[in-house]
Amino acid sequence: MLGVGEEAGEVRQAMRDLLNAGVEIFTLGQYLQPSKRHMPVSRQLPPEEYEAWRQEGMSMGFKYVASGPLVRSSYRAGEFFLEAFAKERAAEAAAAAAAAQAQRQVSAAATAA
């Protein structure tokens, strides 16, 4: 949650720590004061700042970053996990197919020689 007095360096360090712990999906949302008895909002972040954090998280290596004022920790997490998983598996399958094709070409060339 952002808007509770955090500094940019603290957010970046938390992101690095999470990546190092194996986290692949990261969410950032605006803290909203649930009642007058709870801690007040320190700052409302503009949409551009959420987008900047999303881009920074993606460049750091997260597979998916959801960042916006109404984003919560479960925000479409399952959907994006499955999407990233499917893309990863498709890339692995494509690499295996390319390797198999290259092996067939090498074998065919050796047979022809």
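Remember, predicted model here, so these are calculated numbers, not experimental data.

S.K.: Even after reading the chapter, I still don't get the pairing of strand E1 (residues 25-28), so can you show me in this structure?
M.R.: Along any regular strand, the residues point their side chains to alternate faces of the sheet. Relative to strand E2 (residues 64-67), E1 runs parallel, the two being bridged by 4 bridges. When the sheet's bridge partners are listed, Ile-25 is paired in E2 with Tyr-64.

S.K.: Could you clarify how one ought to interpret the environment of Met-15 in this entry?
M.R.: Mapping Met-15 onto the fold places it in helix H1 (residues 8-20). Residue classification places Met-15 among the buried residues on the basis of a relative accessible area of 0%. Separated by 35 residues in the primary sequence, Met-15 and Tyr-50 place their C-alpha atoms 14 Å from one another. Discounting residues that sit within four places of it in the chain, Met-15 has contacts with Phe-26, Trp-53, Glu-56, Gly-57, Met-60 and Phe-62.

S.K.: I tried to follow the packing of aromatic side chains on my own but got confused; where do I start?
M.R.: For any pair of aromatic rings, the description rests on two quantities: the centre-to-centre distance and the angle between the ring planes. Enumeration according to the criterion identifies 1 aromatic pair in this entry. Between Phe-26 and Phe-62 the ring centres are 5.0 Å apart and the planes differ by 25 degrees, which places this aromatic pair in the stacked class. Taken as a pair, Phe-26 in strand E1 and Phe-62 in the loop between helix H2 (47-60) and E2 lie far apart in primary sequence, 36 residues in all. Each member of the pair Phe-26 and Phe-62 is classed as buried.

S.K.: Any chance you could explain the confidence of the model for the protein here in plain terms?
M.R.: Low-pLDDT portions of the prediction should not be read for the details of their coordinates. When pLDDT is averaged across the protein, the result is 91; 97% of the residues are at 70 or more. Ranking the elements of the protein by mean pLDDT puts helix H3 (residues 77-112) last with 84 and H1 first with 98.

S.K.: Would you explain the nonpolar core in this entry?
M.R.: Nonpolar side chains tend to gather and get buried jointly when the protein is soluble and globular. Counting residues in hydrophobic clusters, the biggest one holds 10 residues: Leu-2, Val-11, Met-15, Phe-26, Leu-28, Leu-45, Tyr-50, Trp-53, Phe-62 and Val-65. For this core, the secondary-structure elements that each account for two or more residues are H1, E1 and H2. Setting aside its immediate chain neighbours within four residues, Leu-28 contacts Leu-2, Tyr-50, Trp-53, Ala-66, Ser-67, Gly-68 and Val-71.

S.K.: Can you help me understand the pattern of salt bridges in this one?
M.R.: Where charged atoms of side chains with opposite charge meet at close range, the side chains can pair. Tallying each qualifying case throughout the model produces 8 salt bridges. With its nearest N and O atoms 2.7 Å apart, the salt bridge here joins Arg-43 to Glu-49. On the basis of relative accessibility, which here comes to 38%, the residue Arg-43 falls in the partly exposed class. Glu-92 serves as the salt-bridge partner of Arg-89, at 3.2 Å between the closest nitrogen and oxygen.

S.K.: Before we go on, may I ask you to explain H2 in this structure?
M.R.: For the α-helix, the turn length of 3.6 residues means that residues three or four positions removed from each other point alike. Along its 14 residues, H2 runs 20 Å from first to last C-alpha, staying within 8% of the 20 Å computed at 1.5 Å per residue. Of the residues making up H2, those classed as buried are Tyr-50, Trp-53 and Gly-57. With its buried residues spanning 60 degrees around the axis, H2 presents them on a single face. Opposite the buried face of H2, at more than 90 degrees from it, the exposed residues are Glu-48 and Ser-59. Structurally, H2 contributes buried residues whose contacts are with H1, E1 and E2. At the exit of H2 stands Gly-61, carrying a positive phi of roughly 125 degrees.

Rules and cut-offs
- Residues numbered from 1 in each chain as written.
- Predicted model: local features only at pLDDT ≥ 70, side-chain atom pairs only at ≥ 80, totals over all residues.
- Heavy atoms only, no water.
- Pairing = 2+ DSSP bridges.
- Helix = DSSP H or I, 4+ residues; strand = E, 2+ residues; numbered from the N terminus.
- Buried < 20%, exposed > 50% of the residue type's maximum accessible area, 1.4 Å probe, protein only.
- Contact = heavy atoms within 4.5 Å.
- Phe/Tyr/Trp six-rings, centres within 6.5 Å; stacked < 30°, edge-to-face > 60°.
- pLDDT = per-residue confidence, 0-100.
- Core = buried A, V, L, I, M, F, W, Y, C linked by side-chain atoms within 4.5 Å.
- Salt bridge = Lys/Arg side-chain N within 4 Å of Asp/Glu carboxyl O.
- Expected span 1.5 Å × (residues − 1).
- Arc of directions from axis to C-beta.

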